[in-house]
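Below, each chain spelled out in residue letters.
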Amino acid sequence: MLQLIFKNLWNMRGRYAWLFLELIIITGITWFIIDRTVVSLSDKYLPLGYDSGRLVRVAIGTLPTDHPGYAQTDSATNADNAYSLIAKLRRIEGVEYASGNSDYINSTNSINTGYKTDSPSDSIPKSVMAFEYVPGQEFFETYGIQVVDGSHSAEELSARQPPPGKNEIIITESYAKRMWHDGKAVGRKLKAPHSDDDDVSTVVAVVTDLRAKSYYRSKDLVFRPKATFIKNSFEVIVRLKPGTDQAKWARELRSRYSDLRTGNFYVMSSTPFDNLIERTEYFQGITAERNANFILVGFFLINLILGVTGSFYLQTRRRIEEMGIHRSFGARRGNITGILIGEGLALTTVACIAGNLLYLQYALKFGLSTGYSSSYNNTPDGSWVSNFGEHFAIISIIIYILLIICVVIGTYMPARSISRINPVDALRDE
């Protein structure tokens, strides 16, 4: 049958030429649309590296000076009041851990920076996103971040105070492997750009990977201790016990706001972390971009199915007399259907290969989709998106499957109809 299929394609090459060119053009257009949509969808479902479903952000504010309950306080009293408020939150039913900070993961307050090793040959800093935390605030336990090398527990790491005059940092496993091929970073030195030769930071631990923002693919992060989080406003990230409903806990906390006030500090809001992620993606334009891609893909796929299936449907319907001859020589219905579908599959396969090779020339010059546009997000992260060969192969396969589905749909129905026709009726006008 394969020999007959290829013979038919060659004999009808003039008739199939325009359809072949159409499939090549469609392959290129499909590449452009499908590539960025698949990358965006892949980014959406990448693991965050922490259990956002068990986290709630509690925003803390300070009473205005003209408020009746406002009291003049010094920094020491403010610190005591802030720690007292966090302790109250920790005692609420359903709470496992709570970390006070002026920053939190997935917020807009993270710091874009870079480090280089102390090797003389390492002159270009490798970009990374930095988060600052206050020791003693259950930071790593709250997010569920674990130590990779086993040198510390999460509790020990959260409580660790750097020695006086020394800079210490904690880095993720991905960043450790990016800085040193063996990934063994503990005890090694990192230097920030434009710093003094003696201004270096010692890596004290390597922790599990996580993403700084839900729409970032890279997992290169560093954590730096700082002195205090207490300002006029700050956040407390609460980690709930397993089985505690995130949204319900946040709603119930609102009825207790008045009981949680300490000094001039009061609870302004309590927001499930999943809602924070959705809100951040909305305001950063990620949601709109993702929805626009899905709408465009949906519209394109509908037109693709109609166009390709319509072309193959008409092409197949013209073969009634020819298939009548095959039927008169004893060809079975399955043979007729197989021949027609096989021709469509063979033509689509060759056209898709040609279209992919043409798009490859464009991709080699301009690159493939990298998702959300950000210098930090576009750093090599070891995923299939950053691997050109793997990326190109995956999208090529997806496009090939889509085209095959369209061709099979467009060919099967008329092929099935033709295979059932009476040979005498098919040859009546021959």
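Above this text you will find the structure in question.
The residue numbers shown here count from 1 along each chain, following its written sequence. Only residues with pLDDT of at least 70 get local features here, since the model is predicted, and only at 80 or more are side-chain atom pairs given and counted; chain-wide, interface and lining totals rely on the full set of residues. Side-chain numbers here rest on the full set of heavy atoms in the structure, without hydrogens or water.

In this description a helix means any DSSP run of H or I spanning at least four residues, a strand means any run of E spanning at least two, and both kinds are numbered starting from the N terminus. Looking at the secondary structure, you find E168 in strand β5 (residues 167–172). In this structure E168 comes out as buried when scored by relative accessible area, which is 10%. N or O atoms within 3.5 Å of each other form a polar contact, as long as, within protein, one can give a hydrogen and the other can take it, and as long as residues adjacent in sequence are counted only when both atoms are side-chain atoms. Within the local environment of E168, its side chain forms a polar contact with the side chain of R160, the two groups lying 2.8 Å apart. Setting aside residues no more than four positions away along its own chain, E168 makes contact with R160, P162, P163, T202, V204, F223, R224 and P225. With a 1.4 Å probe rolled over the protein chains alone, any residue whose accessible area is under 20% of its type maximum counts as buried; one over 50% counts as exposed, and the rest are partly exposed. Between two residues, a contact is recorded if the distance between any of their heavy atoms is within 4.5 Å.

Think of it this way: DSSP has to see at least two bridges between two strands before they count as a pair. In space, the six strands of this closed barrel follow the order β3-β4-β8-β5-β7-β6, with mixed pairing throughout. Averaged over all neighbouring strand pairs, the angle between strand axes comes to 45 degrees, with direction disregarded. Summarising the sheet, strand β3 (residues 111–117) and strand β4 (residues 126–133) pair through five bridges and their orientation is antiparallel. Each bridged residue has a counterpart across the sheet, and for I111 the counterpart in β4 is A130. Between N-to-C directions, angles span 0 to 180 degrees; the directions come from axes that are lines fitted to C-alpha atoms, helices contributing only their stretch in contact.

To continue, consider the sheet that holds strand β10 (residues 265–272). Strand order in the open sheet made by the four strands is β2-β9-β1-β10, with antiparallel pairing throughout. Both outer strands of the open sheet, β2 (95–101) and β10, are each paired with one neighbouring strand and no more. When strand polarity is set aside, the average angle formed by the axes of neighbouring strands in this sheet is 25 degrees. By the bridge criterion, six bridges tie strand β1 (residues 55–62) to strand β9 (residues 234–240) in an arrangement that is antiparallel. Bridge pairing links V58 to V236 in β9. Packed on one face of the sheet, helix α8 (residues 273–283) meets β1, β9 and β10 and runs near 80 degrees to β10.

Now for the packing of aromatic side chains. Paired rings are identified among Phe, Tyr and Trp, the last through its six-membered ring, by centres lying within 6.5 Å, and are further divided according to the angle between planes into stacked (under 30 degrees), edge-to-face (over 60) and tilted (the rest). Going through the model one piece at a time under the given rule, you end up with 21 aromatic pairs. For the pair F140 and F223, a centre-to-centre distance of 5.6 Å together with 80 degrees between the ring planes defines the contact as edge-to-face. Taken together, the positions of F140 in helix α4 (residues 139–143) and F223 in strand β8 (residues 221–225) put the pair 83 residues apart, joining distant regions of the chain. Among the residues examined, F223 registers a relative accessible area of 0% and is labelled buried. Taking the centre distance of 6.4 Å and the plane angle of 80 degrees together, the rings of Y143 and F273 count as edge-to-face. Of this pair, Y143 sits in helix α4 while F273 sits in helix α8; the two residues are 130 residues apart in sequence, bridging distant segments of the chain. Charges are assigned to positions over rings by a cutoff of 6 Å between ring centre and Lys NZ or Arg CZ, combined with an angular limit of 35 degrees from the ring normal. Just above the ring of Y45 sits the side chain of K44; from NZ or CZ to the centre is 5.7 Å.

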